[in-house]
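For reference, the chains in residue letters:
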Amino acid sequence: MAAMFGGVIGQEVIKAITGKFHPLHQFFYFDSMESLPNPEVLTVEECAPEGSRYDAQIACFGKTLQRAIENKKAFLVGAGALGCEFIKNFALMGLACGEDGGEVTVTDDDVIEKSNLSRQFLFRDWNIGQAKSLCATNAARAINQNLNARSLENRVSPDTEDVFDDSFWKSLDVVVNALDNVKARLYVDSRCVYFAKPLLESGTLGTKCNTQMVVPNVTENYGASRDPPEKSAPMCTLHSFPHNIDHCLTWARSEFEGLFEKSPGEANAFLAKPQEYADAARRAGDASARENLEKVSECLLDSRCETYEQCVSWARIRFQEAFHDKIAQLTYTFPEDAVTSTGSAFWSAPKRFPTALTFATSDASHLALMRAMANLKAEVHGVARPEWSGDDAALAAAIENVHVHKFEPKSGVRIETDPKATETASLGGMDDDAIIDALLQKLETVREKFSPDYRLTAVEFEKDDDSNFHMDAICGFSNMRARNYQVQEVDKLKAKLIAGRIIPAIATTTAMATGLVCLELYKIFNDAPIEAYRNTFANLALPLFAMAEPIAPKTFKFNDMRWTLWDRWVLKGDLTVKELLGWFEAKGLTAYSVSCGQSLIYNTIFPKHKERMDKKVSDLVQTVAKLDIPEGRKHFDIVVACEDNEGEDVDVPLVSIEFR
C-alpha cells in the first residue's frame, strides 16, 4: 500500500511543481480488502505482535500467512526498473526470508548503465558495468539480511532451458515478470502455463501502467489476449518519401543494422558452414535466398576492407550512394512537376520533394558521419584504427583521395510508391537460381583464401556507450536523410530516444505498479477466488485508475470431460503409435494426426505412416522430429489432432508422454 500510494502522491507532487499533467480534484479512495485472509482466521492470537520487523504485516495478515510468505520460492525475471522495486518489496515483506527453504531467484542478462541510475534506485555510480541481478540482490540483502536470494545472469528463453529446467520450474511457488518486451513475456507465460505456476505480470510506459494476474486454473493466461500491433510507417515512405524525423531515424536504424549487424552475421553463417549454407540457398532458390547471398557477397567480395583507408573509401562511396545517387535517381524518375495517373501532383503533401546532397569535407556533420562509418566498418573487418582517425584534417585528406564516380540517372528504374507494399521491389525477370549459383561460385573461390576460423564482427546496436560511434552513425544517417527532405534535424540525445526505442520509465509509475502487484501476491498465497483478483490499468497523468476482475480461462467440453489451457494430458509408459491412438479411442476420440514441433509423427492421410503403428513414439520424435531429450527429462510433448464420431474437430490439451 505504501508503494502504491507513494507512486500516486509522488506524481501529484511533481504535478504541483512542474504544472504538467492534470492533478487530482477529488478525494482519492483505494483499498485492497480482498488481499486479507478470511476474518475468522484472524484471531487475536494469530495477529498478536511477536517483536519482529513484520509485526505490522502480521497484524493485517496473521502469523500463518507470514510464515508461508517467508518460506516461498519465487522467480523474479528482470532486475531493471520494475525488478529493483520488486526485490525491495520482497525484502520488506519478508518473502523468502525464512529458514525453511524459501528463496528468490533473480535473473537478468543486462549490466548497469549510467542511464539506469535515474529510475533504478538500488544501483549506485560504482555499480556501473556490474550485473543488475547481482547488485539488486546485494542491495535487497542490505534492507533485510535474512533474504535468501540467488542471482543469475541468464536470459529466460528456449536457449537456457538447461539452466531453467523442469525441476527448477516445478520447485517454484510464484513467478513475477519485470520484463520490457512482449516476446520474453510470452515465453515466461508459456512456461508458467506448462508447469501450472502463478504469474504476476506488469508493465509501464511513462505515466501509464498495467498489471495482470495469471493464476493456474483460475484465470486466462497472458498470451490469451494481445494488444493490436503498433502502427508503422509504410515501407515506401521510409525508403523514398519520409516527411518527419521519426521516419528518418527508423530508416537510419534499419541501415545501421543492415550494414553492421545483419550482413556480417549472414557472412559468418556462410563462413561457419559453407556447404550447408550453399545447399540451403540452392534448395530455396528464391528472392530471399538471393538477397541473403548478396549481403554475404557485399561483405566478403565487394566491400571487404583490409586497411583503414579502404574503410574511409567505403564510407565515402556509401554516403554518395545513399544521399546523392539514390535521391538524384528518385527526382529523375519523379520530377518536381510529375503527376499521378489521376492528374494530381505526385509531390503533394505529405510527400516532400528531395534534394541530393553534395559531400563537403568542410561540413563537420559530414566528417563526423564519415568517421563513425569508417570506424564501424573497421570493427566489422577487424581493421585497427590509426592514430590519425580522430584528426579532422587527416580524415579529410584521406577522403579527398577517394575516387567517386559521376552518377548518371537511368531510365526505367522502378521505385515502390504503393503504401501497402511490405517488401522492396525485386529484380523482375531475373533468374534467382542463376544469380545464386554465380554468387556461390565467387564466394567459394574467395573463401579458400581465408583461414578456417576467419569471421567478421557483427556489431550489435548499443545506445548507451558514447565511445562506440553507434549513435554517431545513426544520428548522422538520419540528419543527412532529413537534410535531403528538408526535415528538422535532431541532436544525438533525441536520436537516442527514438532510434534506441527507449521506453520512458519514471519512478512514480514503477512504484505504483509494483505495489499493486505485491498486493495481489498476498491473494496468491491465500488461494483467493477469481473474484478477489484485480487487473489494473492506470495513468497517473490524467489521472485514471481502472480495475477489473481477471477473465476465467475458456473451458472445452467433450462428453463428460472438461479442460482448459491449464490442463495437460499425461500418458505414462513408452507407448507405440498404436497404443497412443487406442488411448484416445477409449475416450471416444479419433486421433488422425500426431506432431512434434514442425514434424509429423503420424497422419492418416499418408499410407506410409501405417508402417509406424508398432514403433515407439519416443523413437519417432527423436528420429523424425530430431527432438533432443535430455537425460534428466522423463517426458516429451506432442500435439494430437482429434475428431469426434461425426468428424468434427475437437481441441484437446497438450499431450505429455512419460516414457522413462
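Residues numbered from 1 in each chain as written. Predicted model: local features only at pLDDT ≥ 70, side-chain atom pairs only at ≥ 80, totals over all residues. Heavy atoms only, no water.

A.B. asks: What is the right way to look at the nonpolar core in this model?
C.D. replies: Nonpolar side chains in soluble globular proteins generally cluster together in the buried interior. Core analysis: the largest hydrophobic core is formed by 75 residues, its most contacted members being Phe 256, Phe 260, Leu 293, Leu 300, Phe 319, Phe 323 and Phe 477. Counting only elements with at least two residues in this core, the list comes to α10 (245-272), α11 (274-284), α12 (287-302), α13 (308-333), α14 (364-381), α15 (392-400), α16 (432-447) and α17 (470-484). Top element by residues in this core is α10. It accounts for 11 residues. Apart from the residues lying within four places of it in its own chain, the contact partners of Phe 256 are Glu 261, Leu 376, Val 459, Phe 461, His 470, Ala 473, Ile 474 and Phe 477. Counting 55 residues, the second largest nonpolar core, distinct from the first, contains Val 104, Leu 122, Cys 135 and Ala 140. (Core = buried A, V, L, I, M, F, W, Y, C linked by side-chain atoms within 4.5 Å. Buried < 20%, exposed > 50% of the residue type's maximum accessible area, 1.4 Å probe, protein only. Helix = DSSP H or I, 4+ residues; strand = E, 2+ residues; numbered from the N terminus. Contact = heavy atoms within 4.5 Å.)

A.B. asks: Would you take a moment to explain a negative patch on the surface for this structure?
C.D. replies: On the surface, a cluster of negative charge is contributed by Asp 574, Glu 579, Asp 614 and Asp 619. Its place among the elements puts Asp 619 in helix α21 (residues 617-623). Accessibility expressed as a relative area gives 41% for Asp 619, which makes it partly exposed. (Patch = residues over 30% accessible without salt bridge, like charges linked within 9 Å, V, L, I, M, F, W, Y side chains within 5 Å. Areas by Shrake-Rupley, 256 points an atom, 1.4 Å probe, with all protein chains shown as cover. Salt bridge = Lys/Arg side-chain N within 4 Å of Asp/Glu carboxyl O. Lys, Arg positive; Asp, Glu negative; His and termini not counted. Charge placed at Lys NZ, Arg CZ, Asp CG, Glu CD.)

A.B. asks: Just to check I follow, could you spell out the sheet that holds strand β4 (residues 174-177) for this structure?
C.D. replies: Sheets are built from strands paired through backbone hydrogen bonds, the pairs being either parallel or antiparallel. The strand order across the open sheet formed by eight strands is β3-β2-β1-β4-β5-β6-β7-β8, and the pairing between neighbours is mixed. On the outer flanks of this sheet lie β3 (149-152) and β8 (544-548), each paired with one strand and no other. Direction aside, the axes of adjacent strands within the sheet are offset by 10° on average. In the sheet, strand β2 (residues 103-107) pairs with β3 via four bridges, with the strands oriented parallel. Across the sheet, Thr 105 pairs through a bridge with Arg 150, a residue of β3. (Pairing = 2+ DSSP bridges. Axes fitted to C-alpha atoms, helices over the stretch in contact; angles between N-to-C directions.)

A.B. asks: Whenever I open this one, the packing of aromatic side chains confuses me. Can you help?
C.D. replies: Enumeration according to the criterion identifies 34 aromatic pairs in this entry. Taking 5.4 Å as the distance between ring centres and 65° as the angle between the ring planes, the aromatic pair formed by Phe 256 and Phe 260 counts as edge-to-face. Separated by four residues within a single helix, Phe 256 and Phe 260 lie in helix α10, roughly one turn from each other. The pair Phe 256 / Phe 260 is uniform in exposure class, with both members buried. Through a chain of ring-to-ring contacts, three or more aromatic side chains come together here, namely Phe 75, Phe 164, Phe 168, Trp 169, Tyr 194 and Phe 195. A cation over an aromatic ring shows up here: Lys 351 above the ring of Phe 346, its NZ or CZ 4.8 Å from the ring centre. Positioned over the ring face of Trp 569 is Lys 587, at 6.0 Å from the centre of the ring. (Phe/Tyr/Trp six-rings, centres within 6.5 Å; stacked < 30°, edge-to-face > 60°. Lys NZ or Arg CZ within 6 Å of the ring centre and 35° of its normal.)

Note that all results are geometric; they support no functional claim without further evidence.
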